[in-house]
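Spelled out from the first residue to the last, the chains are:
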Amino acid sequence: MLAATERAEPLPLETAAKQTEAAHGGLRILTHGVEEWLACENAGARATTFARMTQGPVLFALGWAAHLEAQQVEALLVRMRTEGSTRAVDSFGKMIKEAGAKVKKQEAARAKERRATAKRPGVELLEKLALDGLETGDLRVPPGYEVGALGVYRVLVNEEGEEQRQKVVGFPVLLTGRLVDDEDGVEHAMLAWWTGSSWRQRVVPRKSIQVSRELAELSALGFPANSMNAGDLIKYFEAFYETNVTNLPTAKTTKTLGWKEDGSFLWGTTLLRAGVSIEGETSDLSMSTPFRWRKDALHLVTADGGKSQLAGYRATGTWEGWKKIIARIEDKPVLLLVVAASLVPPLLKLIPEAQNFIFDLYGETSKGKTTALRLGSSVWGYPSEHEGGLIATWDSTLTYLERTAAQATDLPLFLDDSKRVGVKNHDKLSQVVYAVAQGRGRGRGTVTGVQATVVWRTVLVSTGEGSLVQYSQDGGTRSRTLSSPGSPLQPTGPESADLARWLQDEVMQHHGHCGPRFVAYLQANRAAVIERYRKVLPRMEAASNGNPVASRLSSPMTMMYVAFYILEQLGALSPGAGGRALQLAWSFVHVSSGGADRATAALSDLVGWSVSNQEKFWGRHRVNSGVPIEPNGGFAGAWKKGEDWEWIAFRPTVLKKLLEDWGYHEGEVMPTWLSRGWLDTNQGRQQKSVRLAGEVTWCVAVRRTAIPVGAADEVPLDAGGAPASDGRRWVEYDRPGD
């Protein structure tokens with residue numbers, strides 16, 4: 001018994017039951033020890049037994065016996081005196097009594113500490129601190145601590161029962177809120193500290209207040225932590241958390257924008273709830289008081305703690321001002337298509353079978369592509385490629401683009417100038433296009449295993465001199481890319497440059513109003529929107545004429561149709577304008593559904609450009625009072641008006657420049673066009689003589705039979721842009737319930 005007890009460690013004995021148990025245990029040890037001592041045959045053996053009973057852990061147990069069972073201890077000592085040396089027994093008894101006195105003193109100190117700290121949990125922090133500007137509700141000071149204007153102190157009681165205060169940190173610091181991620185359960189904490197003149201708050205990962213190194217790193221934010229006090233602060237925070245776990249205000253966190261499970265939509269740091277004011281509520285809880293959080297409050301946690309990416313999602317100017325911009329460009333179908341494509345991402349969550357797609361604006365420089373990108377991004381916020389804007393550039397890293405797409409899910413991605421990637425990095429173009437189309441990033445390893453693959457729902461609106469399709473040989477990517485060649489300001493004219501400048505000025509003054517209203521409409525009419533999409537989609541698919549690529553692009557076409565319809569309902573678009581834009585988009589569908597070889601791709605791009613710039617061809621030119629209007633730069637060629645045309649003729653210099661601007665070489669594609677019989681030529685020549693503006697001109701004439709069916713023809717549509725089943729071209733939208 002004595003030998004087994006030697007290894008026992010003193011335990012904290014806070015309760016009377018534990019103290020009584022310790023005393024009884026000590027008495028049993030002493031009883032067995034006395035019996036062993038009496039059985040010893042010589043003085044040496046008895047000395048050894050004495051030595052074992054006076055070792056620290058055993059003597060501690062005997063001290064509890066002397067403290068609570070003094071009479072029985074004395075009776076055992078009397079028995080020892082009758083059988084041996086009185087001096088040795090008296091010395092042993094003195095040691096036991098001293099141990100008992102020490103136990104008694106320590107217990108008195110613990111009792112005093114318990115009485116002192118028992119008062120502190122009932123003290124509200126604001127009363128204790130006497131500092132303004134921070135609501136603390138029912139939060140309590142953790143036992144064993146003091147929190148005041150001079151900082152946080154650990155309160156201890158010494159053996160004499162005197163309180164000793166040890167400084168933890170020289171400024172008051174508190175935990176004022178608890179935040180939990182609904183998806184992975186990762187916790188964050190609202191950390192508050194006094195700077196000497198005001199309170200500062202910051203949402204930090206909870207592990208940052210549990211690991212010394214990470215806590216010390218918060219000093220960069222002005223938090224009073226360092227390598228010397230981090231350990232003590234961690235103990236304080238743990239005690240604070242345990243004391244207030246049921247009193248701390250709680251909120252949810254999210255790492256992504258877009259739709260949430262309760263039907264709300266996170267637009268930057270603004271949470272848009274159904275049926276609530278369009279201004280929404282902030283999701284940056286670090287700027288709010290936890291005790292005023294809603295029960296369903298949501299806080300956005302950014303990957304790097306920064307907010308530069310989120311700053312662009314904001315409204316400036318007025319809704320009426322932005323609607324005037326749309327009214328000015330209703331005759332510019334490509335610009336309207338950019339707006340519609342920018343509105344599609346929130347629809348992707350509502351319609352699970354719908355997929356991401358790319359709207360690709362390409363052609364020669366200085367023709368309005370970046371202007372179109374700014375118009376599209378003005379739907380959601382600050383339309384700039386500079387810091388704080390929603391437009392990124394193609395020379396951004398692939399990791400940055402993936403993280404941006406993942407965080408801004410259900411919102412569009414804008415990338416300007418694919419030429420900035422450089423010839424040596426064309427693989428990056430195909431990787432980004434593929435990733436956007438697939439809606440997921442690359443898998444990555446971490447020190448703890450495999451990182452979860454990030455996913456997103458988005459539409460990429462891109463600009464460049466060459467088509468993105470030429471950089472990807474993946475058929476699935478091609479079937480999700482809608483390519484728009486030429487100037488987005490088409491039909492162009494002398495006023496195009498002035499219009500571009502006006503647009504750039506206006507969208508900087510009025511932006512960020514349409515997107516939130518579009519979301520509010522979806523929240524209020526979710527079922528009707530889904531029904532409209534599924535009603536129109538079969539008509540779009542039927543118009544693809546069996547082409548599998550065109551059939552897959554019918555889904556993006558249908559989503560843009562729905563976007564135009566909602567714009568009409570919001571009073572931002574005139575009836576018929578969206579339908580006329582989608583009429584042009586159908587030519588893009590046929591362009592995008594061409595073959596993957598370079599000659600076919602070049603022909604598809606050329607036909608798409610021609611459809612978008614028909615007024616540049618003699619025969620389809622504009623007329624003023626019967627007088628032909630020659631476009632800037634002269635006529636591009638000749639194209640007979642009506643349905644019975646047989647070819648489209650291009651002036652050789654115009655054709656060469658277009659091919660070069662798109663990344664093709666004339667000597668690469670022309671021989672293939674000739675060998676495939678795609679060109680209409682005079683006998684013995686590679687060109688055809690055509691009459692252009694009254695003069696015979698040698699041109700490169702592309703046969704109608706070489707062009708995919710429907711690529712240069714109009715598809716009968718209703719006013720919303722859906723193929724009209726009865727051949728009607730311009731009729732009213734089907735209304736809900738029709």
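The structure we're discussing is the one just above.
These numbers were taken from a predicted model, which means no experiment stands behind them.

**Quick notes on the pairing of strand β27 (residues 695-703)**
1) Next: Bridge count between strand β24 (residues 647-650) and β27: four bridges; the pairing is antiparallel. Residue pairing in the sheet places W647 in a bridge with R703 of β27.
2) Next: When strand β26 (residues 688-692) meets β27, the two strands line up antiparallel, connected through five bridges. The residue bridging K688 from the neighbouring strand is C699, located in β27.
3) Next: In textbook terms, the turn of a hairpin is the stretch between consecutive antiparallel strands, and for β26 and β27 this stretch comprises two residues, one of which, A693, has a positive phi near 55 degrees.

**With respect to helix α4 (residues 56-68)**
1) Next: Taking 1.5 Å as the rise per residue, α4 with 13 residues should run 18 Å; its terminal C-alpha atoms sit 19 Å apart, in good agreement.
2) Next: When α4 is considered as a whole, its buried residues turn out to be V58, L59, A61, L62, G63, W64, A65 and A66.

**Observations regarding empty space enclosed by the protein**
1) Next: Applying the stated criterion across every chain yields a total of two cavities of 30 Å³ or more.
2) Next: Forming the boundary of the largest cavity are L398, L401, E402, A405, L413, V432, A435, V436 and W456.
3) Next: Considering each element in turn, the lining of the largest cavity owes the most residues, four residues, to helix α14 (residues 398-407).
4) Next: Class assignment for the residues of the lining of the largest cavity results in eight nonpolar, no polar and one charged.

**Some points on the sheet that holds strand β13 (residues 357-362)**
1) Next: In space, the five strands of this open sheet follow the order β14-β15-β18-β13-β19, with parallel pairing throughout. The open sheet terminates on both sides in strands that have one partner only, identified here as β14 (391-393) and β19 (481-485). Strand-to-strand twist of the sheet, defined as the mean angle between neighbouring strand axes without regard to direction, takes the value 20 degrees.
2) Next: Both β13 and β19 contribute to a ladder of five bridges, which runs parallel.

**Some points on the sheet that holds strand β6 (residues 199-205)**
1) Next: The strand order across the open sheet built from five strands is β6-β5-β4-β7-β12, with neighbouring strands paired in mixed fashion. For this open sheet the edge positions go to β6 and β12 (298-300), each flanked by a neighbour on one side alone. For this sheet, the mean inter-axis angle between neighbouring strands, taken without regard to orientation, is 35 degrees.
2) Next: Where strand β4 (residues 173-181) and strand β7 (residues 250-254) come together, four bridges link them in parallel fashion. Looking across to β7, one finds that D181 is bridged to T253.
3) Next: On top of the sheet, helix α9 (residues 230-244) reaches β4 and β5 (187-194); it is set at about 65 degrees to β4, its chief contact.

**Quick word on the packing of helix α13 (residues 369-377) against helix α17 (residues 496-509)**
1) Next: At a minimum axis separation of 10 Å, α13 and α17 run at an interaxial angle of 30 degrees. What the angle tells us is that α13 and α17 run roughly parallel. Crossing geometry of α13 relative to α17 is assigned as left-handed. The segment α13 lies against α17, with T371, R374 and L375 engaging A500, L503, Q504 and V507.
2) Next: Each residue belonging to the contact of α13 with α17 can be placed in one class, and the counts come to four nonpolar, two polar and one charged.

Thresholds, definitions, all that
- Residues numbered from 1 in each chain as written.
- Predicted model: local features only at pLDDT ≥ 70, side-chain atom pairs only at ≥ 80, totals over all residues.
- Heavy atoms only, no water.
- Pairing = 2+ DSSP bridges.
- Helix = DSSP H or I, 4+ residues; strand = E, 2+ residues; numbered from the N terminus.
- Expected span 1.5 Å × (residues − 1).
- Buried < 20%, exposed > 50% of the residue type's maximum accessible area, 1.4 Å probe, protein only.
- 1 Å grid on protein atoms, 1.4 Å probe; cavity = no way out; pocket = protein on both sides within 12 Å on 5 of 7 lines; lining within 4 Å.
- Points joined across faces, edges and corners; volume = space filled by probe spheres on them.
- Nonpolar A, V, L, I, M, F, W, Y, C, P; charged D, E, K, R; others polar.
- Axes fitted to C-alpha atoms, helices over the stretch in contact; angles between N-to-C directions.
- Contact = heavy atoms within 4.5 Å.
- Parallel < 35°, antiparallel > 145°, perpendicular 65-115°, else oblique.
- Left-handed = near helix turned anticlockwise from the far one by under 90°.

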